[in-house]
Amino acid sequence: PYEPATARDGLVPKSPFGNVYLYKAHMLTHGTVHVQLPGVARVCRFLGVDFAPALVGWELRGGQNVPTLDGV
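Residues numbered from 1 in each chain as written. Predicted model: local features only at pLDDT ≥ 70, side-chain atom pairs only at ≥ 80, totals over all residues. Heavy atoms only, no water.

## Here we look at a nonpolar patch on the surface
So, point 1. Taken together, the side chains of Val43, Phe46, Leu47 and Val49 present a nonpolar region at the surface, about 450 Å² in accessible area.
So, point 2. Examined against the element boundaries, phenylalanine 46 turns out to sit in helix H1 (residues 40–47).
So, point 3. The class for phenylalanine 46 is exposed, based on a relative accessible area of 73%. (Patch = residues over 30% accessible without salt bridge, like charges linked within 9 Å, V, L, I, M, F, W, Y side chains within 5 Å. Areas by Shrake-Rupley, 256 points an atom, 1.4 Å probe, with all protein chains shown as cover. Salt bridge = Lys/Arg side-chain N within 4 Å of Asp/Glu carboxyl O. Helix = DSSP H or I, 4+ residues; strand = E, 2+ residues; numbered from the N terminus. Buried < 20%, exposed > 50% of the residue type's maximum accessible area, 1.4 Å probe, protein only.)

What follows is the structure in structure tokens.
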């Protein structure tokens, strides 16, 4: 079974690509929440809150797989 990481000292553990893998709800990092609002990344950046885009899946565009990001 998958065991998600834990957020410590207000920092979100990120992948090498700078996002969080969130294919299913149980993959959410302990101590964090998944916020799906328009412009929420800009608000987090303005407030100085550590965040990571949520990679929720992949879609096919123009014959290539492209990551689907939804919220932070």
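Having put the structure on the table, let's press on.
## Remarks on the side chain of serine 15
So, point 1. Relative to the helices and strands, serine 15 is located in the segment before strand E1 (20–21).
So, point 2. Among the polar contacts listed, one links the side chain of serine 15 to the side chain of asparagine 19, at a separation of 2.7 Å. (Polar contact = N/O pair within 3.5 Å; in protein donor to acceptor, adjacent residues only side chain to side chain.)

## Details of unusual backbone geometry
So, point 1. For aspartate 9, which is not a glycine, the phi torsion comes out positive at approximately 55°.
So, point 2. Among the structural elements, aspartate 9 can be located in the segment before E1.

## A word on the sheet that holds strand E3 (residues 64–69)
So, point 1. Spatial strand order, E1-E2-E3: three strands in an open sheet with mixed pairing. Only two strands of the sheet have a single neighbouring strand rather than two, namely E1 and E3.
So, point 2. Here E1 runs beside strand E2 (residues 54–61); their pairing, made up of two bridges, is parallel. Across the sheet, residue valine 20 finds its bridge partner in E2, namely alanine 54. (Pairing = 2+ DSSP bridges.)

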